[in-house]
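Structural overview
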Amino acid sequence: MNKVILMGRLTRDPDVRYSAGESATAVARYTLAVDRRFKRDGDATADFIGCVAFGRQAEFAEKYLRQGTKIAITGRIQTGSYTNREGQKVYTTDVVVEDQEFAESKSASERNGGYSSSYNAAPNAAPSSAPAAPSHDMGGMSADGFMNIPDGIDEELPFN
């Protein structure tokens, strides 16, 4: 089985190109910076993984993904090779994206360097100037859309 699941931040805006021909297909390439679980000598480390998306996934990347955006992807590893201009064989490894989704809210992404301030997910929507409702008015949800988890809940879980 060849299945990859990654979560990381885009190191730059996706590079999107369209294939030639009657039925042009979008091809998006981007690199994800994926934090390593364990740190070496106290330094934060990350792996930089090349990803390629085709068709509708590539069009989504072109429209919505920007440098710094945190996303989760699923896909498969694909290896290949080509001969460069100097006549040397170059080996490649990419993740072919099957599914991609945002891994944090728009406001969290803006705080972490993703999206430009002029980015709008719904281009025809008017910006909202209403303040966020307090968490108790949202059925236990905080203003960022995540559920508030009470302290001490860990002791109540049966699989601790």
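Refer to the structure printed above.
Throughout, residues of each chain are indexed from 1 in the direction in which the sequence is written. Note on the predicted model: pLDDT of at least 70 is required for a residue's local features to be given, and 80 or more for side-chain atom pairs to be given and counted; whole-chain, interface and lining totals, by contrast, use all residues. Water and hydrogen atoms were dropped before computing side-chain values, which therefore reflect all heavy atoms in the structure.

Concerning the overall build of the protein chain
Put simply, the test is: The way it works is that DSSP assigns letters per residue, a run of H or I at least four long becomes a helix, a run of E at least two long becomes a strand, and they are numbered from the N terminus. Only protein chains enter the area calculation, which uses a 1.4 Å probe; residues under 20% of their type maximum are buried, those over 50% are exposed, and those in between are partly exposed. By the convention used here, residues are in contact when the closest approach between their heavy atoms is within 4.5 Å.
Along the protein chain, the regular secondary structure elements total two helices and six strands. In sequence order, the protein chain lays out its α and β elements as β-β-β-β-α-β-β-α. The buried share of the protein chain, taken over its 160 residues, is 24%. When contacts within the protein chain are restricted to residue pairs at least 6 apart in sequence, those whose partners lie at least 24 apart make up 56%.

Digging into the nonpolar core
Formally: Here, the term nonpolar core denotes a set of buried Ala, Val, Leu, Ile, Met, Phe, Trp, Tyr and Cys residues that are joined through side-chain atoms within 4.5 Å.
Core analysis: the biggest nonpolar cluster contains 18 residues, and L6, Y30, L32, C51, I71 and I73 have the highest contact counts within it. Secondary-structure elements contributing two or more residues to this core are β1 (4–10), β3 (26–35), β4 (46–54), α1 (55–64), β5 (70–83) and β6 (89–102). For this core, the leading source of residues is β3, giving five residues. Look past the residues within four positions of Y30 in its chain and what remains in contact with it is L10, P14, I49, G50, C51, A61, L65, I71, I73, V97 and Q100.

Topic: the pairing of β4
Residues in a regular strand project their side chains so that they alternate between the two faces of the sheet. As a reminder of what qualifies: At least two DSSP bridges between two strands are needed for those strands to be called paired.
The sheet contact formed by β3 and β4 spans nine bridges and is antiparallel. From the neighbouring strand, A28 faces β4, where its bridge partner is A53. Two strands pair when backbone bridges link them, and β4 and β6 are joined in this way by two bridges, in the parallel orientation. By the bridge assignment, V52 is partnered in β6 with V96.

Focus on the packing of aromatic side chains
Quick reminder of the rule: Any two rings among Phe, Tyr and Trp, with Trp reduced to its six-membered ring, count as a pair given centres within 6.5 Å; such a pair is stacked if its planes are under 30 degrees apart, edge-to-face if over 60, and tilted if neither.
Counted by the stated rule, this structure contains two aromatic pairs. Judged by centre distance (5.1 Å) and plane angle (45°), the rings of F60 and Y64 are tilted. Of this pair, F60 and Y64 both sit in helix α1, four residues apart, which is roughly one turn of that helix. Between F60 and F102, the ring centres sit 5.7 Å apart and the planes meet at 55°, which makes this aromatic pair tilted. Residue F60 is found in helix α1, and its partner F102 is found in strand β6; the two are separated by 42 residues along the sequence. F102 sits in the partly exposed class, given a relative accessible area of 31%.

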